Each structure stands twice: as C-alpha cells, then as structure tokens.
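Spelled out from the first residue to the last, the chains are:
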Amino acid sequence: MYPFVRLAKEFIVHRGAQDLPVLGAHVSHHRCWPQDLDVFVEMNNGRILTILDLGRTILAQRVGLLRALRRNRWGLTMAGASVRYRRRIRPFEKFRVISRCVGWDGRFFYLDQSIWVGDVCAAQALYRSAVTDRNGIVDPARVFEAAGFDDAPPMLPAWTQGWIDADATRPWPPELPDAL
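These figures come from a predicted structure and were not determined experimentally.

1. Description of the overall build of the protein
No. 1: The helix and strand tally for the protein stands at five helices and six strands.
No. 2: Reading the helices (α) and strands (β) of the protein from amino to carboxyl end gives α-β-α-α-β-β-β-β-β-α-α.
No. 3: For 180 residues, the compact-globule formula gives about 16 Å, and the C-alpha radius of gyration of the protein, at 17 Å, lands near that figure.
No. 4: Overall size of the protein, expressed as C-alpha extent along the three principal axes, is 55 × 45 × 30 Å.
No. 5: Within the protein, buried positions represent 39% of all 180 residues.
No. 6: In the protein, of all internal contacts separated by at least 6 residues, the share reaching a separation of at least 24 is 69%.
No. 7: Accessible area of the protein: about 10800 Å², with a carbon and sulfur share of 56%.
No. 8: A gap of 7 Å separates the mean positions of the 24 positive and 19 negative side-chain charges of the protein.

Following this line, the structure appears as structure tokens:
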C-alpha cells in the first residue's frame, strides 16, 4: 500500500521550506519501519522506490511544479529508471534522501535521487520523467514557462547522457523468447 501517512508527513514537515531553484536539491529524513522490510529483514527494494517517490513529490512542490500541474491539469509520469542498490537499510535505521533535477531535453526531465545512511550511499536512482496532458507529453519548455522558469537547459551530465544513449538501443516492445 502506498504510504499516504508518510506523504502527508512530508508535506507537513516541508510546508514552510523555502522554494528551490529548478536544479536545487531537496533533502528529506526518514526511518526504516517494520512495514518497509522484506523477508531478509532489510528495506524492500520496492519500498526504496516508493520512498524516492516521496522525495520527488516534495521536490516538485518546492520548485513550483505541482502548482503548474494543478493549474494546467497536467499529470506527471515516470518514463524510465536505472537503480543501484549498494547497502542494506536495516530496521529502525535513519536515512536521508537527496532529490534533484539534473537536466532535461525536448521531452523528458532527468532526476537523480540517492539514499544515504550516515555518510554511506545505500541506493541511487536516475529517473526519466515526463509531464503529460490528454495529448501526450508536454514539452518541458512549456512546463517551465508555466512554472515561471525561463533559463536554458543545462548540459546533461555525461553519465545521464550515457544512460539515455544506452537506453535508446534497447528494443521496444521487448523481444520475447522463441519458446513463447
């Protein structure tokens, strides 16, 4: 089940937080609760993705994106992700999530998120996200205009561009095994 209580907590905790620039970083603090665990008594990999979702939501609030989405009746969707898991998060451990936009192109926004336990990175994800309306993907330039941001997009980091390029070689729809 989606952690609506945690989402409400995040909105309450950050309701007075100052606005962020589009490329600013949002930091949130959490704890691994028993409902987050899998059979190996560590935070479930799916729950990690859900916790990252909370960070992206508050980041969108703080950069003014949620207001633009509501005003224009737009949606926000994920169009791809690459995740690294490097350290287990154990029951009751405190951790922080750092969420930031690293850039955009003509269709998508690219978001970098990481989870830190102390000074150790436990997980990191790169997301491709899109704003949508009933006709499909909304051009990021139009989204930024609605959010009051008019700077040119920054050059994407090499590791982000590398992921975009590699993902473009992946077949869609996926190839099915001959046995099917």
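2. Overview of the nonpolar core
No. 1: In this structure, Ile 89, Phe 95, Ile 115 and Val 131 are the most contacted members of the largest nonpolar core, which totals 33 residues.
No. 2: Sorting the residues of this core by element identifies helix 2 (45–62), helix 3 (65–72), strand 3 (94–104), strand 4 (109–117), strand 5 (120–133) and helix 4 (140–147) as the ones contributing at least two each.
No. 3: Beyond its immediate chain neighbours, meaning those up to four positions away, Phe 95 contacts Ser 28, His 29, His 30, Arg 31, Cys 32, Met 43, Ile 51, Ile 89, Ile 115, Trp 116 and Val 117.
No. 4: In this structure, Phe 108, Tyr 110, Leu 126 and Trp 163 belong to the second largest nonpolar core, which totals eight residues.

3. Let's talk about the packing of helix 1 (residues 4–13) against helix 2
No. 1: Relative to each other, helix 1 and helix 2 sit at 30 degrees, their axes nearing to 10 Å. On the basis of their axis angle, the class for helix 1 and helix 2 is roughly parallel. As for the relative orientation of helix 1 and helix 2, their crossing is right-handed in sense. On the side of helix 1, the interface is formed by Arg 6, Leu 7, Glu 10 and Phe 11, while helix 2 contributes Arg 47, Ile 51, Leu 54, Thr 57, Ile 58 and Gln 61.
No. 2: Class assignment of the residues belonging to the contact of helix 1 with helix 2 gives a composition of five nonpolar, two polar and three charged.

Thresholds applied
Residues numbered from 1 in each chain as written. Predicted model: local features only at pLDDT ≥ 70, side-chain atom pairs only at ≥ 80, totals over all residues. Heavy atoms only, no water. Helix = DSSP H or I, 4+ residues; strand = E, 2+ residues; numbered from the N terminus. Rg over C-alpha atoms; globule rule 2.2 N^0.38 Å. Buried < 20%, exposed > 50% of the residue type's maximum accessible area, 1.4 Å probe, protein only. Contact = heavy atoms within 4.5 Å. Areas by Shrake-Rupley, 256 points an atom, 1.4 Å probe, with all protein chains shown as cover. Lys, Arg positive; Asp, Glu negative; His and termini not counted. Charge placed at Lys NZ, Arg CZ, Asp CG, Glu CD. Core = buried A, V, L, I, M, F, W, Y, C linked by side-chain atoms within 4.5 Å. Axes fitted to C-alpha atoms, helices over the stretch in contact; angles between N-to-C directions. Parallel < 35°, antiparallel > 145°, perpendicular 65-115°, else oblique. Left-handed = near helix turned anticlockwise from the far one by under 90°. Nonpolar A, V, L, I, M, F, W, Y, C, P; charged D, E, K, R; others polar.

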